[in-house]
Amino acid sequence: MQPDVHESFASLDAILEQLSPYASPVEREALAQISAYLAEVRPRSSLDGSWGRVLRDSVTFAVMRRVSRESFYTARVIDLSARTINSILARQPYARVHVEHADRLDRPSIKALARAMLLLDPEQRFAWIWHFGSDPLSASAAPGDLYAASRIALLKQLLGILSPSLVREGVGSPVRGPDAHDVAGLDDMASELVMQNYDRCFLIGDALLHSCDRSMASEILRLTGLAAINVGRAEDALDALDAAEHGAATGRRAHLAYLQGLIESKRRYDLAASTAQYQRGLDLLASAHDSDADMALEHGWLLNGLALNEAILWRRAGGSKEHHGTAFALEREAFELVRDGDSAARIYLRFNLLANSALLMEMAGEYDVAIDIFHKTFDFDVDRSASSRRRWESTMGYRIGVLQYQAGRYDEAYRMLHHAAEQDDATESWPVQERIVRALAIVAMARGSTAEAEMLFRGGLEGCRKARAADGACEHARGLVSALVAAERFDVAQDVVSELREEEGIDLAEPLEQIRPKPPSGKLPAYFPEIDLEGVPAIDLNRYLGTASAPGAGSAPWRN
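Residues numbered from 1 in each chain as written. Predicted model: local features only at pLDDT ≥ 70, side-chain atom pairs only at ≥ 80, totals over all residues. Heavy atoms only, no water.

## Thoughts on the overall build of the protein
Operational definition: A run of DSSP states H or I qualifies as a helix once it reaches four residues; a run of E qualifies as a strand once it reaches two. Both are numbered from the N-terminal end. This radius of gyration counts C-alpha atoms alone. The globule rule is 2.2 Å times how many residues there are, raised to the power 0.38. Throughout this description, buried means an accessible area under 20% of the type-specific maximum (1.4 Å probe, protein chains only), exposed means over 50%, and partly exposed covers the range between. Between two residues, a contact is recorded if the distance between any of their heavy atoms is within 4.5 Å. Only the protein chains shown count as cover for residues, with accessible areas throughout obtained via the Shrake-Rupley method and a probe of 1.4 Å.
Each helix and strand in the protein was counted, giving 25 helices and three strands. A compact globule built from 560 residues would reach a C-alpha radius of gyration of about 24 Å, and the protein, at 24 Å, matches this within 12%. The burial tally for the protein puts 52% of its 560 residues in the buried class. Within the protein, contacts between residues separated by at least 24 positions form 70% of all contacts whose residues are at least 6 apart in sequence. Carbon together with sulfur atoms contributes 50% to the accessible area of the protein, which is approximately 24,400 Å² in total.

What follows is the structure, encoded as structure tokens:
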């Protein structure tokens, strides 16, 4: 173990190295795959000391412009590591496996160990024992101590979900960071943000703010704000982003206003406050006399934010053409601002705007236009590595397959989704795979292939139960019950309902004939809370804005 060493997966590295001599040939292949996954994302993981390819791209784009995480790459490391650790330990003559200093390990390694405990099979005859020096259940963080607040919340969550056998060392020290300052820079802080290692973001930020010159403070506070919103601390995030504006140039202040607008709409659900932030950013750009940034780029992102708010108003207001037309006009205006230029930032925004335009077409029921946008915009034949190409085909195949289903072209939807499902059958990719299989089963039902739908839903249910994924298990169970009812196998359907209630605590409360799975979401998920153990927004925007929701749905929490 590596207590108080907070680099991502530092303790997991030590654990896997310790277990490696005991690995079987199959397990050694898994360990090699984990190393390959880490090499894609971790900083300074390649021989020349550069960042991993995926991390480099993510820092450039996702960290700069998003307030939500993307955990596909870290989730597969966590899941595969957990399964491999359990597999190796199950063959050893141990009744108990002790995790020393569990409350002082790096955040991603804690998640991997928590996942191992959650996936432990009764046939794997050993128990996990965690050793804590602190007492997070009675601990509280001092105002402004984001590290302690973040760490306490994570540890409380784990203790509540897993109820591990716990050994407390001593009288219980407070939850606090290591005594030594984390010697790292802004690149490290950004990379840890991408890896969802928010604890280390706060440690690095605190250390840098005490040692850096003022010119770095704005970026430190910006990254701190993005980390804070990802651990559910919206007020702290807004405070940090507001402080980051002090002394900043106009283009940067406009960018920070955009981020604050996103938080207001996507986390605080205050559309008036969000729109005010976007308008403030536009006013800043209109009065700018300096040119510290690509002003047209910042202008485009602010219009993109306003378009999102109009789309939300359209959905909430029952399909008002005014809001939908305004949203589309804003997207087109933003696109014209960045139509030219080959910088990576402009290319990324252009793709984002086109994808959002496709979503607007989907919302309006213009499925053929949405499909056409995807086919013309996103190159399916682009030169990629084999693994990257498979993931790309899986993601885009699912997106277009769902649009074909919504358009009523079930055979084409089936073809697209079946191809998407074939692209990645790795065990650790199950969170994406089960969504694709679920959509495929729904399409099979629509085609009248009840027996195939039953097989797919049953397989998805079994996989989600093994993965301890309650939401996925519930949806596959709902689909399975609907398929069994369609086949008039009512007794078997009732057995499924009873088994889930008794063994999983999942209660499908409606009458059998009314049980249906939710329509497939238009996009595959970007994050997996069952694995990354981070928070989930109160509303799934993709589902709310897509045609899975009827216009005028009143359940969304936006205040105005």
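## Topic: the pattern of salt bridges
Stated formally: Salt bridges, as used here, are contacts in which a Lys or Arg side-chain nitrogen is within 4 Å of a carboxyl oxygen on Asp or Glu.
For the coordinates displayed, the defined rule picks out 36 salt bridges. Across the pair Glu-235 and Arg-268 runs a salt bridge, and its minimum N-O distance is 2.3 Å. Of this pair, Glu-235 sits in helix α11 (residues 234-244) while Arg-268 sits in the loop between α12 (250-266) and α13 (271-286), and the two are 33 residues apart along the sequence. Where Arg-465 meets Glu-503, a salt bridge forms, and the shortest distance between an N and an O atom there is 2.7 Å. Taken as a pair, Arg-465 in helix α21 (residues 450-466) and Glu-503 in helix α23 (residues 490-504) lie far apart in primary sequence, 38 residues in all. Relative accessible area serves as the criterion here: at 53%, Glu-503 is assigned to the exposed category. Three or more residues joined by partner-sharing salt bridges are found here, namely Arg-107, Lys-111, Arg-151, Asp-199 and Glu-534.

## Remarks on the confidence of the model for the protein
Heads up, the rule is: pLDDT gives the predictor's per-residue confidence on a scale running from 0 to 100.
When pLDDT is averaged across the protein, the result is 88; 90% of the residues are at 70 or more. Predicted confidence is poor over residues 45-49, with pLDDT under 50, and the contacts of this stretch with residues over four places away or in other chains come to five contacts.

## Re the nonpolar core
Selection rule: Take the buried residues of types Ala, Val, Leu, Ile, Met, Phe, Trp, Tyr and Cys, join any two whose side-chain atoms come within 4.5 Å, and each joined set is a nonpolar core.
With 86 residues, the main nonpolar core has Ile-85, Trp-128, Trp-130, Val-481 and Leu-508 as its most contacted residues. If you tally residues by element for this core, the top one is helix α20 (residues 430-446), at 10 residues. Each residue touching Leu-508, except ones within four places of it in the same chain, is listed here: Cys-474, Ala-477, Arg-478, Val-481, Val-497 and Ile-515. Leu-226, Ala-237, Ile-263 and Leu-303 belong to the second-largest nonpolar core, a separate cluster that totals 46 residues.

## Remarks on the environment of Asp-270
For clarity, the cut-off: Side-chain atoms alone can form a polar contact between residues adjacent in sequence; in general such a contact is a pair of N or O atoms within 3.5 Å, and within protein one must be able to donate a hydrogen while the other accepts it.
Note that Asp-270 resides in the loop between α12 and α13. For Asp-270, a relative accessible area of 12% corresponds to the buried category. Taking C-alpha positions, Asp-270 is 6.1 Å from Asn-560, a pair spaced 290 residues apart along the chain. Look past the residues within four positions of Asp-270 in its chain and what remains in contact with it is Glu-264, Ser-265, Trp-558, Arg-559 and Asn-560. Only 3.4 Å separates the side chain of Asp-270 from the backbone nitrogen of Ala-272, close enough to count as a polar contact.

## Concerning the pairing of strand β2 (residues 127-134)
The test is simple: One requirement defines pairing of two strands: DSSP has to find at least two bridges between them. By convention, a crossover is right-handed whenever its connection, traced from the first strand over the helix to the second and viewed with the strands pointing away, goes clockwise.
When you tally the buried positions in β2, you get six out of eight residues, the bulk of the element. Looking at chain direction, strand β1 (residues 96-99) and β2 are connected through four bridges and run parallel. When the sheet's bridge partners are listed, Val-97 is paired in β2 with Trp-128. Running through helix α6 (residues 107-119), the crossover from β1 to the neighbouring parallel element β2 is right-handed.

## Looking at the side chain of Gln-92
The topology assignment puts Gln-92 in the loop between α5 (72-90) and β1. Note on Gln-92: relative accessible area 17%, which makes it buried.

## Here's the deal with the packing of helix α7 (residues 146-162) against helix α9 (residues 198-211)
Just so we agree on the cut-off: Axis definition: a line fit to C-alpha positions, over the contact stretch in the case of helices; interaxial angles, taken between N-to-C directions, run 0 to 180 degrees. Each angle is binned into one of four classes, with values under 35 degrees roughly parallel, values over 145 roughly antiparallel, values of 65 to 115 roughly perpendicular, and all other values oblique. When the near helix sits turned anticlockwise from the far one by under a right angle, the crossing is termed left-handed; a clockwise turn instead gives a right-handed crossing. Basically, the charged four are Asp, Glu, Lys and Arg, the nonpolar ten are Ala, Val, Leu, Ile, Met, Phe, Trp, Tyr, Cys and Pro, and anything else, Gly included, counts as polar.
The N-to-C vectors of α7 and α9 enclose an angle of 165°; their axes lie 8 Å apart at closest approach. Between α7 and α9, the angle is such that the two are roughly antiparallel. In this structure, the crossing between α7 and α9 has a hand that is left-handed. Touching Leu-146, Tyr-147, Ser-150 and Arg-151 of α7 are Asp-199, Phe-202 and Leu-203, all from α9. Split by residue class, the contact of α7 with α9 holds four nonpolar, one polar and two charged.

## Considerations on the side chain of Glu-264
Topologically, Glu-264 is positioned in helix α12. For Glu-264, a relative accessible area of 7% puts it in the buried group. In this structure the side chain of Glu-264 is engaged in a polar contact, spanning 2.7 Å, whose partner is the side chain of Arg-268. Leaving out residues up to four positions away in the same chain, Glu-264 has contacts with Leu-238, Tyr-269, Asp-270, Ala-273 and Ser-274.

## With respect to the packing of helix α10 (residues 214-230) against α12
The contact between α10 and α12 brings their axes to 12 Å, and the two run at 10°. In terms of orientation, α10 and α12 fall into the roughly parallel class. Of the residues in α12, those touching α10 at Ser-218, Glu-219, Arg-222, Leu-226 and Ile-229 are Arg-252, His-255, Leu-256, Leu-259 and Ile-263.

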